Amino acid sequence: MAVQPPKEFLERMRELLGGEYDAFYASYGNPRFAGIRVNTLKIDPAEFREAAPFELRPIPWCKTGYYVDEQTKPGKHPYYHAGLYYIQEPSAMAPVELLDVAPGERVLDLCAAPGGKSTQIAAKLRGSGMLVTNDINAERTKALAKNIELYGVRNAVVLAESPERIARAFPYSFDKILIDAPCSGEGMFRKDEDMARLWEPEWVRKYAGMQRDILQSAAALLAPGGRIVYSTCTFAPEENEATIADFLLEHPEFRVVPLGPKPCISPGRPEWLTWLAERGEGRVYPPEIAAQTAGCGRLWPHKVEGEGHFLAVLERQGEGQPQEEDAGYGILVSERGGQTQSKRDSRQGHRGRPGAGRDAKAMDEREVLESWRAFAREHLNEAELPGEPLLFGGNVYLSPLGKERLDGLKVVRPGWYVGTVKNGRLTPGQPLATALSPTEAVRVLDLDASDGEAIRYLKGETLQVEAARIRCREGVGLKGYVLVTVDGHSLGWGKWQDGLLKNEYPAGWRWT
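Residues numbered from 1 in each chain as written. Predicted model: local features only at pLDDT ≥ 70, side-chain atom pairs only at ≥ 80, totals over all residues. Heavy atoms only, no water.

Along its length, the protein chain carries 17 helices and 26 strands. Rg of the C-alpha trace for the protein chain: 25 Å, near the compact-globule value of 24 Å for 512 residues, within the 12% margin. Expressed along its principal axes, the backbone C-alpha trace of the protein chain runs to roughly 75 × 60 × 35 Å. The buried share among the 512 residues of the protein chain stands at 55%. Put simply, 73% of the contacts in the protein chain that link residues at least 6 apart link residues at least 24 apart. Surface accessibility of the protein chain: about 22700 Å² in total, with carbon and sulfur atoms responsible for 49%. Separation of charge centres in the protein chain, based on 64 positive and 71 negative side chains, amounts to 4 Å. (Helix = DSSP H or I, 4+ residues; strand = E, 2+ residues; numbered from the N terminus. Rg over C-alpha atoms; globule rule 2.2 N^0.38 Å. Buried < 20%, exposed > 50% of the residue type's maximum accessible area, 1.4 Å probe, protein only. Contact = heavy atoms within 4.5 Å. Areas by Shrake-Rupley, 256 points an atom, 1.4 Å probe, with all protein chains shown as cover. Lys, Arg positive; Asp, Glu negative; His and termini not counted. Charge placed at Lys NZ, Arg CZ, Asp CG, Glu CD.)

Right, dumping it as structure tokens:
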């Protein structure tokens, strides 16, 4: 057996699974499964299947997901660096599919790092609406922000906040919330041997307490009629059925949306609540509460080609709390790029504080933002880019939220990072390039993935490029920033002069 799970864990699973246990235990001798998910912000799945450099096999529960052979090293191809696909464990693709995201919605990914599920949500939003993606661990948000940028997401805000503080800032504000909760990780033992080696029985109760607190905050964030998807990668009923049952007891306005007969998803186990109660490790729940947990689901490693996952869909019923407070925290940018003034701001008017310092700062900010607009006029094909330009930490962003709405929060990215202004001119950021399509840039150089030139660009090398290869909009010269693409998909910036392309691909992103 490749992985040997902890003895105490196996004894517990033998009790819980009964006749299923032998098949469950045997699954630890099977190889783990690798998957990729196509990024539909950049490429259609049918187009990707035609261009894919390795063999693909569909994942049943995700229309954009495919099994791949891990030995093909999908992270070592220019298409990965172009953000055409995300490397993701197959079972981890299921929660966002159940979230049922539609374009234009306001979505919160509450425990998001490293960002795979956030990029999946963003693809379903199709560039409209808003994604707030958060992780309380500031160090982990570095990977989260990088993935949001690499995969061309334009309408996301990245936070490093506690759920409680987000709930105070955005009460009853989101249509959909994903909670991929921190957990004891029992479902990942085959994928991560270190997790199996380090596991302790006490983890189950420790994480169950954290999960209940996160769900409480999520309830305060969800708009009436909204949906929460709660998921874990563990088997323990304390972290799954019992956590959901406790939540339903405290929040009668919520109900479980039964998953019903879905391919590969097994039903929840309400009888495990009784098992916990009989051992003195859980409470006795009203029958109508316990019965709802049967509508949850699991992906079992002995039944599917993937690791273990628990899934629950919760919806808020009735009118819920009024959304009056939702408009009371500043300015929300509308889909058309304008601003909606909050009731609080309209009561206060636009008085502001007097003083020359404030006026000077406002003047500087206007000049910086005008530098962005000048860059857009010169280098972009009159593209209607989403969001409101704002200056944050010395950089220019296009944000789906007004700056006032983020006051007091630990903000990692207030929106789409487009560049930094120095000496009155904007230097475009890498995330601006990765989210642009070739039709939106006035100069484009397309590289071929098959001849090694794209890899040399990704390594930061200067390229010899004939002028005729750079495609320019009519009336535009070769001088200026060039959007570099691979087989028609954006990679980054370059500057052409006298037959050489100066490489602007950032050091921290380079091929290693």
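So that's the structure; there's more coming.
Here Ala113 and Pro114 are connected by a cis peptide whose omega angle stands at 5 degrees. Looking at where Pro114 falls in the secondary structure, it is placed in the loop between β5 (106–109) and α6 (116–125). A positive phi angle, near 50 degrees, is found at Lys73, a position not held by glycine. Mapped onto the elements, Lys73 comes out in the loop between β3 (62–68) and α4 (78–81). Phi at Asn423 is positive, roughly 55 degrees, even though this residue is not glycine.

Interaxial distance between helix α10 (residues 203–221) and helix α11 (residues 241–250) falls to 10 Å at its minimum, and their mutual angle equals 40 degrees. Classed by the angle they form, the pair α10 and α11 counts as oblique. Crossing of α10 against α11: the hand is right-handed. Across the interface between the two elements, Ala208, Gln211, Arg212, Leu215, Gln216 and Ala219 from α10 touch Ala242, Thr243, Asp246, Phe247 and Glu250 from α11. (Axes fitted to C-alpha atoms, helices over the stretch in contact; angles between N-to-C directions. Parallel < 35°, antiparallel > 145°, perpendicular 65-115°, else oblique. Left-handed = near helix turned anticlockwise from the far one by under 90°.)

Among the structural elements, Arg227 can be located in strand β9 (residues 222–232). Within the structure, the side chain of Arg227 is placed 2.8 Å from the backbone oxygen of Leu98, a separation counted as a polar contact. Polar side-chain contacts of Arg227 include one of 2.8 Å to the side chain of Glu315. Apart from residues lying up to four places away in sequence, Arg227 is in contact with Leu98, Leu99, Asp100, Asp175, Lys176, Ile177, Leu222, Val257, Val313, Leu314 and Glu315. (Polar contact = N/O pair within 3.5 Å; in protein donor to acceptor, adjacent residues only side chain to side chain.)

Cross-referencing UniProt, the feature "active site" (unreviewed entry) maps to Cys233 in the present numbering. Structurally, Cys233 can be placed in the loop between β9 and α11. Given a relative accessible area of 17%, Cys233 falls into the buried group. Apart from the residues within four sequence positions on either side, Cys233 is in contact with Cys183, Gly185, Glu186, Gly187, Met188, Gly308 and His309. (UniProt positions renumbered as here; feature names shortened; annotations may be inferred.)

Summed over the entire model, instances satisfying the criterion amount to 28 aromatic pairs. On the numbers, 5.1 Å between centres and 5 degrees between planes, the contact of Phe235 with Trp300 is stacked. In this pair, Phe235 is assigned in the loop between β9 and α11 and Trp300 in the loop between β12 (297–299) and β13 (309–316), connecting sequence segments 65 residues apart. Of the two residues examined, Phe235 and Trp300, each falls in the buried class. These aromatic residues form a ring-pair network of at least three members: Phe9, Tyr21, Phe24, Tyr25, Tyr28, Phe189, Trp199, Phe235, Trp272 and Trp300. The aromatic ring of Trp509 is capped on one face by Lys146, whose charged end is 4.8 Å from the ring centroid. (Phe/Tyr/Trp six-rings, centres within 6.5 Å; stacked < 30°, edge-to-face > 60°. Lys NZ or Arg CZ within 6 Å of the ring centre and 35° of its normal.)

On the secondary structure map, Glu239 appears in the loop between β9 and α11. Considered as a pair, Glu239 and Lys206 are 33 residues apart in the sequence and their alpha carbons are 9.4 Å apart. In this structure Glu239 touches Cys183, Ser184, Val204, Tyr207, Ala208, Gln211, Tyr230, Thr232 and Thr234, once residues within four positions along its chain are discounted. Only 2.5 Å separates the side chain of Glu239 from the side chain of Ser184, close enough to count as a polar contact.

To continue, consider α10. The α-helix winds at 3.6 residues per turn, so residues separated by three or four positions along the chain end up facing the same way. With 19 residues, α10 should reach 27 Å at 1.5 Å per residue; the first-to-last C-alpha distance of 27 Å fits that figure. Inspection of α10 places Val204, Tyr207, Ala208, Gln211, Ile214, Leu215, Ser217, Ala218, Ala219 and Leu221 among the buried residues, and these make up the whole buried set. (Expected span 1.5 Å × (residues − 1).)

Attention now goes to helix α7 (residues 141–150). Within α7, 7 of the 10 residues are buried, leaving the element largely enclosed by the surrounding structure. If you check which residues of α7 are buried, you get Thr141, Leu144, Ala145, Asn147, Ile148, Glu149 and Leu150. Just downstream of α7, Gly152 is the residue with a positive phi angle, here 75 degrees.

With antiparallel pairing, the 4 strands of this open sheet are ordered in space as β2-β3-β1-β4. Only two strands of the sheet have a single neighbouring strand rather than two, namely β2 (57–59) and β4 (85–87). Direction aside, neighbouring strands of the sheet carry axes that sit 40 degrees apart on average. Sheet analysis places strand β1 (residues 34–38) next to β3, joined by 4 bridges and oriented antiparallel. Bridged to Ile36 within β3 is Tyr66. Those strands touched by α6 are β1, β3 and β4, and its axis lies near 30 degrees from that of β1. (Pairing = 2+ DSSP bridges.)

Time to look at the sheet that holds strand β17 (residues 395–399). Taken in spatial order, the 4 strands of this open sheet run β16-β17-β19-β20, and their pairing is antiparallel. Each edge of the open sheet carries a strand with a single partner, namely β16 (388–392) and β20 (425–428). Pairwise comparison of adjacent strand axes, ignoring direction, gives a mean angle of 35 degrees for this sheet. Strand direction decides the pairing type here: strand β19 (residues 416–422) and β20, joined by 4 bridges, are antiparallel. In the sheet register, Gly419 faces β20, and the bridge partner there is Pro428.

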